[in-house]
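# Summary of the model geometry
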Amino acid sequence: MKLTPLPEEEWDDRTRAALESVAPPERRDPASVGNALATLARHPDLTARFLPFSTYLTEQSTLPARLRELVILRVAHHHGCAYQWVHHSAIGRAAGLTDADVEAARTGAPADAFDRLVLTAVDELHHGSQISAPTWEALGDRLDERARMDLIFTAGGYGVMATALNTFGVEPEPWAGRPEFYEAD
């Protein structure tokens, strides 16, 4: 299945309004918002409701930015989502991930014990739709209840987005680079 970005001639005020939570007015057009958002613009009602949640996850979540990006990269790996991988590899590096951390999101084997625990939580969510009690408790050594809840919703929200991006066939923009990764599991 392939959905292309909404053609420019089909954009209207309603379409642009659907993107207001993620893009300033001057960037609410198909050339500026990128392939993912321009494709989501095909369904303004859904987009207008989903994007504020996504914006919360990236801008207001209690999960530290570095860990958030580690979670998103692990989700992208599990889903084989090239679009998320390319974009969040760069975002993750800006949030403090090293090249080794990005690679660890792919392999699931970071050197840092807490990073390994975070990736274990994502793996448990992916494979069993829940974090085990021992993992939940161990995460509590460094993350309060709200941050652990945000971890779950980050993994789930980006899992939904990865599923949509893959199903719609959304590819990374040429300027974003190519996925330097993996085979999904």
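Residues numbered from 1 in each chain as written. Predicted model: local features only at pLDDT ≥ 70, side-chain atom pairs only at ≥ 80, totals over all residues. Heavy atoms only, no water.

Assigned secondary structure in the protein consists of nine helices and zero strands. The secondary structure elements of the protein, listed N-terminal to C-terminal, are α-α-α-α-α-α-α-α-α. Relative to its length of 185 residues, the protein is compact, with a C-alpha radius of gyration of 17 Å against a globular reference of 16 Å. Reported as C-alpha extents along the three principal axes, the dimensions of the protein are approximately 50 × 30 × 30 Å. Put simply, the protein has 185 residues, and 45% of those count as buried. By sequence separation, contacts in the protein at least 24 residues apart represent 71% of the contacts at least 6 residues apart. Summed over its atoms, the accessible surface of the protein is roughly 9300 Å², and 53% of this surface lies on carbon and sulfur atoms. Where the 17 positive side-chain charges of the protein centre and where its 28 negative ones centre are 0 Å apart. (Helix = DSSP H or I, 4+ residues; strand = E, 2+ residues; numbered from the N terminus. Rg over C-alpha atoms; globule rule 2.2 N^0.38 Å. Buried < 20%, exposed > 50% of the residue type's maximum accessible area, 1.4 Å probe, protein only. Contact = heavy atoms within 4.5 Å. Areas by Shrake-Rupley, 256 points an atom, 1.4 Å probe, with all protein chains shown as cover. Lys, Arg positive; Asp, Glu negative; His and termini not counted. Charge placed at Lys NZ, Arg CZ, Asp CG, Glu CD.)

In this section: unusual backbone geometry. A negative phi angle characterises most non-glycine residues, just as the trans form characterises most peptide bonds. Even without glycine at this site, Ser129 takes up a positive phi of about 60 degrees. The residue Ser129 is located in the loop between helix H7 (113-128) and helix H8 (133-139) in this model. Here Ser129 falls in the exposed class, since its relative accessible area comes to 65%.

Counting 27 residues, the largest nonpolar core has Leu67, Val71, Phe114, Val118, Leu139, Leu143 and Leu151 as the members making the most contacts within it. Mapped onto this core, the elements with two or more residues apiece are helix H4 (65-79), helix H6 (99-107), H7 and helix H9 (145-168). If we ignore the near neighbours within four places in the chain, the residues touching Val118 are Leu67, Val71, Leu139 and Leu151. (Core = buried A, V, L, I, M, F, W, Y, C linked by side-chain atoms within 4.5 Å.)

To continue, consider the domain arrangement of the protein. Once the domains are mapped, the protein shows domain 1 (6-57) and domain 2 (63-166). Between the C-alpha centres of domain 1 and domain 2 the distance comes to 25 Å. Contact residues are listed per partner, giving nine residues for domain 1 and ten residues for domain 2. Note on domain 1 versus domain 2: buried area summed over both sides is about 770 Å², and carbon and sulfur give 71% of it. When the area that domain 1 buries against domain 2 is broken down by residue, the three leading residues are Ala36, Phe50 and Leu57, summing to 57%. Linking domain 1 with domain 2 are zero salt bridges. (Domains from an automatic or database assignment. Buried area = accessible area lost by both parts, 1.4 Å probe. Salt bridge = Lys/Arg side-chain N within 4 Å of Asp/Glu carboxyl O.)

Looking now at the side chain of Asp150. As for its position among the elements, Asp150 is in helix H9. There is no salt bridge for the buried Asp150, and the closest opposite charge comes from Arg146, which lies 7.9 Å off by N-O distance. Of the polar contacts made by the side chain of Asp150, one reaches the side chain of Tyr56; its length is 2.9 Å. Within the structure, the side chain of Asp150 is placed 2.7 Å from the side chain of Thr62, a separation counted as a polar contact. Aside from chain neighbours lying at most four places away, what touches Asp150 is Tyr56, Ser61, Thr62 and Leu63. (Polar contact = N/O pair within 3.5 Å; in protein donor to acceptor, adjacent residues only side chain to side chain.)

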